[in-house]
Amino acid sequence: MSRTIELTRTTEASPERVFRAWTDADELSRWWTTTAESDARTGGAFSYGFEFADASRNHTYTGTYHDVTPGERVSYPWQGGLGETTVDVRLEPAGDGTKVTLLHTGWGEGAEWDEAVALHEQGWSFFLDNLVAYLDRGED
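Residues numbered from 1 in each chain as written. Predicted model: local features only at pLDDT ≥ 70, side-chain atom pairs only at ≥ 80, totals over all residues. Heavy atoms only, no water.

Some thoughts on the packing of helix α1 (residues 15–23) against helix α3 (residues 111–137)
Put simply, the rule is: Lines fitted to C-alpha atoms define the axes, with helix axes restricted to the stretch in contact, and inter-axis angles between N-to-C directions lie between 0 and 180 degrees. Only DSSP runs of H or I with at least four residues qualify as helices, and only runs of E with at least two residues qualify as strands; both kinds are numbered from the N terminus onward. Oblique is the label for every angle not falling under 35 degrees (roughly parallel), over 145 degrees (roughly antiparallel), or within 65 to 115 degrees (roughly perpendicular). Should the near helix be turned anticlockwise from the far one by less than a right angle, the crossing is left-handed, and should it be turned clockwise, the crossing is right-handed. Here a residue-residue contact requires only that any non-hydrogen atoms of the pair lie within 4.5 Å. Classification used: nonpolar for Ala, Val, Leu, Ile, Met, Phe, Trp, Tyr, Cys and Pro, charged for Asp, Glu, Lys and Arg, polar for all others including Gly.
The contact between α1 and α3 brings their axes to 11 Å, and the two run at 125°. Considered as vectors, α1 and α3 are oriented oblique to each other. Considering the relative orientation of α1 and α3, their crossing is right-handed. In this structure, α1 uses Arg17, Val18, Ala21 and Trp22 to contact α3, whose residues at the interface are Trp124, Leu128, Leu131, Tyr134 and Leu135. Of the residues belonging to the contact of α1 with α3, the class tally is eight nonpolar, no polar and one charged.

Section: the sheet that holds strand β2 (residues 35–38)
Our working definition: Two strands are counted as paired when DSSP detects at least two bridges linking them.
Spatially, three strands are ordered β2-β3-β4 in an open sheet, and the strand pairing comes out antiparallel. A strand with exactly one partner marks an edge of an open sheet, and here the two such strands are β2 and β4 (59–64). Neighbour-to-neighbour, the strand axes of the sheet open up by a mean angle of 5°, direction not taken into account. In terms of strand pairing, strand β3 (residues 45–50) meets β4 through six bridges, oriented antiparallel.

Description of the sheet that holds strand β1 (residues 3–11)
Here we have five strands laid out as an open sheet, ordered β1-β8-β7-β6-β5, and antiparallel in their pairing. Across the chains shown, the open sheet's two edge strands, defined by having one partner strand only, are β1 and β5 (67–69). Taken pair by pair, the neighbouring strands of this sheet meet at an average axis angle of 20°, ignoring direction. Sheet strands in contact with α3 are β1, β6 (73–80), β7 (83–94) and β8 (97–107), and its direction is about 10° off that of β1.

Structural notes on the packing of aromatic side chains
Any two aromatic rings considered together are summarised by their centre-to-centre distance and by the angle between their planes. Quick reminder of the rule: The aromatic pairing rule takes the rings of Phe, Tyr and Trp, using the six-membered ring of Trp, and pairs them if the centres are within 6.5 Å, calling planes under 30 degrees apart stacked, those over 60 edge-to-face and the rest tilted. Each residue's exposure class comes from its accessible area (1.4 Å probe, protein chains only) as a fraction of the maximum for that residue type: buried when under 20%, exposed when over 50%, partly exposed otherwise.
This structure, assessed with the given rule, holds 18 aromatic pairs. Relative to Tyr76, the ring of Tyr48 lies with its centre 5.6 Å away and its plane at 80°, an arrangement referred to as edge-to-face. One end of the pair, Tyr48, is in strand β3; the other, Tyr76, is in strand β6, and 28 residues separate them in sequence. Residue classification places Tyr48 among the buried residues on the basis of a relative accessible area of 0%. Each residue in the set Trp22, Trp31, Trp32, Phe46, Tyr48, Phe50, Tyr61, Tyr65, Tyr76, Trp78 and Trp124 is aromatic and connected to the rest through ring pairs, giving one cluster.

Quick notes on α3
Formally: What a helix should span is 1.5 Å times the count of its residues minus one.
In a regular helix each residue adds 1.5 Å, so 27 residues correspond to 39 Å; α3 covers 39 Å between its end C-alpha atoms and thus fits that length. Trp113, Ala116, Val117, His120, Trp124, Leu128, Asn130, Leu131, Val132, Ala133, Tyr134 and Leu135 are the residues of α3 that are buried. Positive backbone phi, approximately 70°, marks Gly138, located one or two places after α3.

In short, geometric facts, not functional conclusions.
Take a look at the structure:
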């Protein structure tokens, strides 16, 4: 049985602005990645690099976007140590802002997967909070 991480945040930014922050390489590195390349279209390639003080934790995720619908959705594969999962970010108007829903699906069962789910849920929560701080207050 596959599990899903589902997290939601609301920002004052428009769906178009949130979409740009999630798909533009320069913007991604302001709130999420260390480096990024992004051909933000369905079938386009991406590369998200993460660098840490402890170089043994450095990693890069690469792949091809499954679905890119401007102002509405970004979906892509996420290749982890245990196998490939899928990240699906959905944007919906919410008053003058945007409701951002992140769904991370395809998790397996067992202790290693349980640990990976917990770590990713914690990480996604942190970065979604950082996205809102970046969009609403210009913070990183």
